[in-house]
2 protein chains.
Amino acid sequence: MFERLPDSVAGKHAGSPTSAAVAADALYDFSVRVLRAVADHVPCVKPQSACFERYLWPGVEAYHKVVRAAKEMGLLVIGDAKRGDIGLSSRHYAHGCLASTGFEDTGDLPGPDALTVNAYLGMDGIEPFAEVAAEQEKGLFALVRTSNPGGDALQSLTLGDGISVAEAVAKLIAQAGSAAGYIGREGYSLLGAVVGATKPRDAQRLRELMPQQVFLVPGFGAQGGSAEDVRACFNADGQGAIVTASRSIIYAFDRDDPDWESSVSRAAVEMKEQVNAAVA
Amino acid sequence: MFERLPDSVAGKHAGSPTSAAVAADALYDFSVRVLRAVADHVPCVKPQSACFERYLWPGVEAYHKVVRAAKEMGLLVIGDAKRGDIGLSSRHYAHGCLASTGFEDTGDLPGPDALTVNAYLGMDGIEPFAEVAAEQEKGLFALVRTSNPGGDALQSLTLGDGISVAEAVAKLIAQAGSAAGYIGREGYSLLGAVVGATKPRDAQRLRELMPQQVFLVPGFGAQGGSAEDVRACFNADGQGAIVTASRSIIYAFDRDDPDWESSVSRAAVEMKEQVNAAVA
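Residues numbered from 1 in each chain as written. Chains lettered and ligands numbered in written order. Predicted model: local features only at pLDDT ≥ 70, side-chain atom pairs only at ≥ 80, totals over all residues. Heavy atoms only, no water.

## Quick word on the overall build of chain A
The condition that has to hold: Working definition: helices are DSSP H or I runs of at least four residues, strands are E runs of at least two. Numbering for both runs from the N terminus. A radius of gyration in this sense is built from C-alpha atoms; the matching globule rule multiplies 2.2 Å by the number of residues raised to 0.38. Exposure is judged per residue with a 1.4 Å probe applied to protein chains only, and the accessible area is read against the type maximum: over 50% gives exposed, under 20% gives buried, and values in between give partly exposed. Working definition of accessibility: Shrake-Rupley area with a 1.4 Å probe, residue cover restricted to the visible protein chains. The charged-residue count follows a simple rule in which Lys and Arg add positive charge and Asp and Glu add negative charge, with His and chain termini not counted at all. Positions of charges follow a simple convention, taking NZ of Lys, CZ of Arg, CG of Asp or CD of Glu.
Looking only at helices and strands, one finds twelve helices and nine strands in chain A. Its C-alpha radius of gyration of 19 Å places chain A within 12% of the 19 Å reference for a compact globule of 280 residues. Counting over 280 residues, chain A shows a buried share of 59%. Surface exposure of chain A reaches about 10700 Å², of which carbon and sulfur atoms provide 49%. Distance between charge centroids for chain A: 3 Å, based on 25 positive and 35 negative side chains.

Structure representation (structure tokens):
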């Protein structure tokens, strides 16, 4: 990621990432400038933890501070960390990756509003995350149908009763998400679902199986999902889905353009208009 | 986890974790003392990233340094971080969580010898991890059949052709793991599989489907798996599996026992003898 930063950001931070703190500072600087460029145009952002974890603990510090900066701009934040474990380990991840937390030496950290999680280990892996999310009035998005081509080899397999593996996961998520205390005033569960923009045929069936789940819909833009493709992810009233784009917005610039943020803003506005037109 | 430390460790570190650095120091101290207690008796350790991530970036720093300490004691280290994503994000995780890495301000870090990964996103999510593992002469363990009760609800479902979801994942792992350059001189792939000690009936079939995978076998001890149960995870020659126990060893003490490390050593030796007896 460091290699793709605008010259005006990378140049301020000593050139090459031989220092994790320098790399992390550059990522923080870039991320905050992207947030400022899009904050007036979008309700929600989804920072990718992996980009930061590559730079070890200085990167993790930068990640938490990017989340805080986004919250301070009034944005909803979905932490894209795709954590998944069981029992106490899930609970530790929930506290470290989702909860509002902080220590005297880290400062108060609001944490993201929601976290992506992996449900392959089953609902006793998801439940500790959901408990912490409920305590904190936050949310989760479990991977159900991912946007990448390779997801088909497992998620599209057909079970004996004719449903797909992704649909079986959807049923588990719908069931676990309907527990007392997990449904909010708009009728949606704190436990949502990731359903890729590149799988429009699957999305319709998954929408039926998960009427109370907010869908997080990645794959728009760089991965090939069109605004038309995402329509099936919304409920009939045009609510219930958050369409995300990453590379097509955060890298929508020439590296040597000193006004690169304007290109990022424009890309966000264009995407919003495309999605709104498709849902209208 | 802080709450379960021996008094003689916790007491050195200012009582309660209001400082992330204090909590992380205590975890590091405890972990290194556990490593010293078991290093003469076991070949391999599996630190759980979640326990450390709970304490934010100071915890992540402690985790990396625990991995380094274990390597310096001559132990093989499996980083239990269960990461999973796609494409460039998987590659970032592989560099941050698996590779030998380091920056001028973090010091050289050997990284663990292997990493646990989640295959729900498919093989284009695993491949970037495998590429980095191959470059680094390291390994991976993909979650196939986990040891927790809730894993059944997804992993035990039967597909149209009569195999289970876990067996379908096993086939994908066996196939992806057989790629050129991924098989070592003993005939095992760098891409291994997690198969819980609590699922002995499944293990036999999974062993047949994945003859070239080293099995990482959790669930022994506190989760109820017996030495007898793990026999099916080994190949006929008694090789090919790593049985792990966590809580039953690292918490095998009374908190007020000043010689708590002796209890940890004894628990490790007992477990080794039980596993060796079952495999012999």
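## Topic: the relation of the copies chain A and chain B
Worth spelling out the cut-off: Least-squares superposition aligns the copies on the C-alpha atoms of those residues with pLDDT at or above 70 in both. Only heavy atoms enter the contact rule, under which two residues are in contact if any of them lie within 4.5 Å.
Rotating chain A by 180° and moving it 0.0 Å along the rotation axis overlays it on chain B with an RMSD of 0.0 Å. Overall, the copies show the geometry of a two-fold rotation axis. When the interface residues of chain A are mapped onto chain B, 100% of them again lie at the interface, so the same face is used by both copies.

## As for the pairing of strand β2 (residues 76-83) of chain A
Residues and elements named next belong to chain A. Quick reminder of the rule: The criterion for strand pairing is that DSSP finds at least two bridges linking the strands in question.
With seven of eight residues buried, β2 is to be regarded as a mostly interior element. Two elements, strand β1 (residues 44-45) and β2, share two bridges in a ladder whose sense is parallel. In the sheet register, V45 faces β2, and the bridge partner there is V77. As paired strands, β2 and strand β5 (residues 114-117) are joined by three bridges and run parallel to one another. Paired with G79 across the strands is L115, a residue of β5.

## Observations regarding the sheet that holds strand β5 (residues 114-117) of chain B
Taken together, seven strands build an open sheet; the order of strands is β1-β2-β5-β6-β7-β8-β9 (chain B) and the sheet is parallel. Among the strands making up the open sheet, the edge pair consists of β1 (44-45) and β9 (241-243) of chain B.

## Comments concerning helix α12 (residues 260-279) of chain B
Two residues of an α-helix separated by three or four positions point the same way, owing to the 3.6 residues in each turn. Residue and element names in this part refer to chain B. This is how it is decided: Multiply 1.5 Å by the residue count of a helix minus one, and that product is the helix's expected span.
In this model, α12 (20 residues) spans 29 Å end to end at C-alpha, consistent with the 28 Å of a helix rising 1.5 Å per residue. What α12 keeps buried is the set W260, E261, S263, V264, S265, A267, A268, M271, V275 and A278. The inward-facing, buried residues of α12 abut α1 (7-10), α2 (20-38), α10 (227-230), β9 and α11 (247-250).

## Points about helix α9 (residues 200-209) of chain A
All names here are of chain A. The cut-off we apply is this: The arc in question is the one spanned by the directions pointing from the helix axis to the C-beta atoms.
A203, L206, R207 and L209 are the residues of α9 that are buried. All buried residues of α9 project into a common sector of 155° when viewed along the axis, lining one side. Summarising the geometry of α9, the exposed residues directed more than 90 degrees from the buried face are R201, Q204 and E208.

## Comments concerning the interface of chain A and chain B
As a reminder, the rule being used: Summed over both partners, the accessible area lost on bringing two parts together, with a 1.4 Å probe, is the buried area. The working definition used for a salt bridge is a side-chain nitrogen of Lys or Arg within 4 Å of a carboxyl oxygen of Asp or Glu. Polar contact is defined as a pair of N or O atoms within 3.5 Å, subject to the rule that within protein one atom must be able to donate a hydrogen and the other to accept it, and that residues adjacent in sequence are counted only when both atoms are side-chain atoms.
In this complex, chain A contributes 67 residues to the contact, which on the side of chain B involves 67 residues. Interface area, chain A with chain B, both sides summed: about 5600 Å², of which 63% is carbon and sulfur. When the area that chain A buries against chain B is broken down by residue, the three leading residues are W57, H92 and Y120 of chain A, summing to 17%. Across the contact surface, chain A and chain B share four salt bridges. The tally of links from chain A across to chain B stands at 39 residue pairs in polar contact (both at pLDDT 80 or more). The element best represented in the side of chain A that touches chain B is helix α4 (residues 56-72) of chain A, accounting for seven residues.

## Structural notes on the state of the cysteines
So the rule is basically this: In plain terms, two cysteine sulfur atoms within 2.5 Å form what is called a disulfide here.
One pass over the structure, following the stated rule, counts zero disulfides over all chains. Not part of a disulfide, C51 of chain A finds its nearest cysteine sulfur in C97 of chain B, a span of 13 Å. C44 of chain B takes part in no disulfide bond, and the closest cysteine sulfur, belonging to C233 of chain B, lies 15 Å away. Overall, C44 of chain B belongs to the buried group, its relative accessible area being 17%.

## Describing the packing of α2 of chain B against helix α4 (residues 56-72) of chain B
Residue and element names in this part refer to chain B. For the record, the criterion: As a rule, the C-alpha atoms of each element are fitted with a line to give its axis, helices using only the stretch in contact, and angles between N-to-C directions run from 0 to 180 degrees. Convention used here: angles under 35 degrees read as roughly parallel, angles over 145 as roughly antiparallel, angles from 65 to 115 as roughly perpendicular, and any remaining angle as oblique. Should the near helix be turned anticlockwise from the far one by less than a right angle, the crossing is termed left-handed; should it be turned clockwise, right-handed. In the scheme used here, Gly and all other residues not listed as nonpolar or charged are polar, with Ala, Val, Leu, Ile, Met, Phe, Trp, Tyr, Cys and Pro taken as nonpolar and Asp, Glu, Lys and Arg as charged.
It is at 9 Å that the axes of α2 and α4 come closest, and there the two elements cross at 15°. In terms of their interaxial angle, α2 and α4 are classed as roughly parallel. For α2 against α4, the interelement crossing comes out right-handed. Residues A20, A21, A24, Y28, S31, V32 and L35 of α2 lie in contact with α4, whose contacting residues are P58, G59, A62, K65, V66, A69 and A70. Across the contact of α2 with α4, the residue classes break down as eleven nonpolar, two polar and one charged.

## Brief notes about the sheet that holds β5 of chain A
The parallel open sheet is built from seven strands, whose spatial order is β1-β2-β5-β6-β7-β8-β9 (chain A). Each having just a single partner strand, β1 and β9 (241-243) of chain A make up the two edges of the open sheet.

## Focus on the confidence of the model for chain A
Note the following rule: Every residue gets a pLDDT, meaning the predictor's confidence in that residue, from 0 to 100.
Across chain A, the average pLDDT comes to 94, with 98% of residues at 70 or higher. Interface confidence for the predicted complex, expressed as ipTM, amounts to 0.97; the pTM equals 0.97.

## Notes on the environment of A69 of chain B
Residues and elements named next belong to chain B. Here A69 shows up in helix α4. Overall, the relative accessible area of 9% leaves A69 in the buried class. As a C-alpha pair, A69 and Q212 span 143 residues in sequence and 30 Å in three-dimensional space.

## Comments concerning the packing of aromatic side chains
Residues and elements named next belong to chain A. Going by this rule: Ring geometry is summarised as follows: Phe, Tyr and Trp rings, the Trp one being its six-membered ring, pair when their centres sit within 6.5 Å, and such pairs are stacked at plane angles under 30 degrees, edge-to-face over 60 and tilted between the two. Here, over-ring charges are defined by two tests on the NZ atom of lysine or the CZ atom of arginine: distance to the ring centre within 6 Å, and angle to the ring normal within 35 degrees.
The full count for this structure, using the stated rule, is 14 aromatic pairs over all chains. Among the aromatic residues, those joined into a ring-pair cluster are F30, Y251, F253 and W260. Taking the ring centre of Y251 as reference, the NZ or CZ of R4 above it sits at 3.9 Å.

## Thoughts on the pattern of salt bridges
Taken as a whole and assessed by the stated rule, the structure comprises 32 salt bridges over all chains. Taking the shortest distance from any N to any O, the salt bridge between E53 of chain A and R83 of chain B comes out at 2.7 Å. With E53 of chain A in helix α3 (residues 49-53) and R83 of chain B in strand β2 (residues 76-83), the pair connects residues from two separate chains. The pair E53 of chain A / R83 of chain B is uniform in exposure class, with both members buried.

## A word on the packing of helix α8 (residues 165-177) of chain B against helix α9 (residues 200-209) of chain B
All names here are of chain B. It is the contact of α8 with α9, at a shortest axis distance of 9 Å, that shows an interaxial angle of 25°. In terms of orientation, α8 and α9 fall into the roughly parallel class. Every pair of crossing elements has a handedness; the one defined by α8 and α9 is right-handed. Across the interface between the two elements, A166, E167, A170, K171 and A174 of α8 pack against R205, L206 and L209 of α9.

## Here's the deal with the nonpolar core
Condition: We define the nonpolar core as a collection of buried residues of types Ala, Val, Leu, Ile, Met, Phe, Trp, Tyr and Cys that are connected through side-chain atoms lying within 4.5 Å of one another.
Ranked by internal contacts, the top residues of the largest apolar core, which has 209 residues, are M210 of chain A together with M210 of chain B. Excluding anything up to four places from it in sequence, M210 of chain A contacts V144, A170, I173, A174, A193, V195 and F215 of chain A.

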